Amino acid sequence: SDADSLLSQFCVQTPPPPPKSAVKPSGQRRFLKKKEVGKIILSPLAVTTKYPKFQDRPVTCLKYGKVLKTVMRQSKNPYLLEYKKGDVVALLSEEKIKLKGQLWTKEWYVGYYQGKLGLVHTKNVLIV
């Protein structure tokens with residue numbers, strides 16, 4: 001049945017629509033309408049695909065960064081870290097992750113702070 005083939009389910013909040021303009025984009029829509037969501041059929045490949053398993057293993061080339069700015073988020077996000085100015089964050093690597101937001105692309109480090117793993121904005125951290 002369809003219920004047995006459900007791989008995972010996510011609840012995603014759609015951002016507010018952009019202001020209406022006279023020019024209509026001819027490209028494909030990025031978001032599904034409510035009535036379309038129920039009609040999604042997963043490919044048989046999605047069920048048989050093997051996903052990598054997370055493994056606990058030591059990080060050999062740990063870097064540290066001094067926090068330049070306190071960040072406390074009003075809307076809590078599980079993958080964005082909150083941190084205080086002057087504290088030290090462990091960075092899993094100096095590799096930057098680029099995430100496209102509504103207005104611009106931001107760069108992040110993967111960090112570890114107070115028992116939590118998450119993203120730290122590159123402009124808020126000075127690598128020491």
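Residues numbered from 1 in each chain as written. Predicted model: local features only at pLDDT ≥ 70, side-chain atom pairs only at ≥ 80, totals over all residues. Heavy atoms only, no water.

Asks: Could you give me a rundown of the overall build of the chain, with the residues and numbers involved?
Replies: From N to C terminus, the chain includes 2 helices and 6 strands. Listed N to C, the secondary structure of the chain is α-α-β-β-β-β-β-β in terms of helices and strands. When the 128 residues of the chain are sorted by exposure, 17% land in the buried category. Accessible area for the chain stands at about 11900 Å²; split by element, carbon and sulfur atoms hold 58% of it. (Helix = DSSP H or I, 4+ residues; strand = E, 2+ residues; numbered from the N terminus. Buried < 20%, exposed > 50% of the residue type's maximum accessible area, 1.4 Å probe, protein only. Areas by Shrake-Rupley, 256 points an atom, 1.4 Å probe, with all protein chains shown as cover.)

Asks: A description of the nonpolar core should follow, citing residues and the corresponding values.
Replies: Residues Val67, Val71, Leu81, Tyr83, Val89, Leu91, Tyr109, Tyr113, Val120 and Val125 constitute the largest nonpolar core, which totals 10 residues. Where this core is concerned, the elements lending two or more residues are β2 (88-91) and β4 (105-113). Dropping the residues within four chain positions of it, Val67 is found in contact with Tyr83, Lys84, Lys85, Gly86, Asp87, Val89 and Asn124. (Core = buried A, V, L, I, M, F, W, Y, C linked by side-chain atoms within 4.5 Å. Contact = heavy atoms within 4.5 Å.)

Asks: Tell me what's going on with the pattern of salt bridges, and back it up with residues and numbers.
Replies: Counted under the stated rule, the structure contains 4 salt bridges. Across the pair Glu82 and Lys76 runs a salt bridge whose closest N-O atoms are separated by 2.8 Å. Overall, Glu82 belongs to the partly exposed group, its relative accessible area being 24%. Lys76 gets classed as exposed once you look at its relative accessible area, which sits at 60%. Where Lys96 meets Glu107, a salt bridge forms, and the shortest distance between an N and an O atom there is 3.8 Å. Placement of Lys96 in the loop between β2 and β3 (97-100) and of Glu107 in strand β4 is noted, with a sequence separation of 11 residues between them. (Salt bridge = Lys/Arg side-chain N within 4 Å of Asp/Glu carboxyl O.)

Asks: Tell me what's going on with the environment of Tyr64, and back it up with residues and numbers.
Replies: Assignment of secondary structure puts Tyr64 in strand β1 (residues 63-67). The class for Tyr64 is partly exposed, based on a relative accessible area of 40%. Along the backbone, Tyr64 and Ala90 are 26 residues apart, and their C-alpha atoms lie at a distance of 4.6 Å. Contacts of Tyr64, omitting those with residues within four sequence positions, involve Val88, Val89, Ala90, Leu91, Leu126, Ile127 and Val128.

Asks: With reference to specific residues and values, describe the side chain of His121.
Replies: Relative to the assigned elements, His121 resides in strand β5 (residues 116-121). The contacts of His121, once residues within four sequence positions are left out, are Tyr83, Lys106, Glu107 and Trp108.

Asks: Lay out a nonpolar patch on the surface with the relevant residues and their values.
Replies: Together, Val59, Leu62, Tyr64, Leu68, Val88, Leu126 and Val128 make up a nonpolar patch on the protein surface, roughly 630 Å² of accessible area in all. Within the secondary structure, Leu68 is located in the loop between β1 and β2. Residue classification places Leu68 among the partly exposed residues on the basis of a relative accessible area of 42%. (Patch = residues over 30% accessible without salt bridge, like charges linked within 9 Å, V, L, I, M, F, W, Y side chains within 5 Å.)

Asks: Residue-level account of the pairing of β1, with values.
Replies: Pairing between β1 and β2: 4 bridges, direction antiparallel. The partner of Gly65 across the bridge, within β2, is Val89. Here β1 pairs with strand β6 (residues 125-127) via 3 bridges, running antiparallel. Residue pairing for β6: Lys66 is matched across the bridge by Leu126. (Pairing = 2+ DSSP bridges.)

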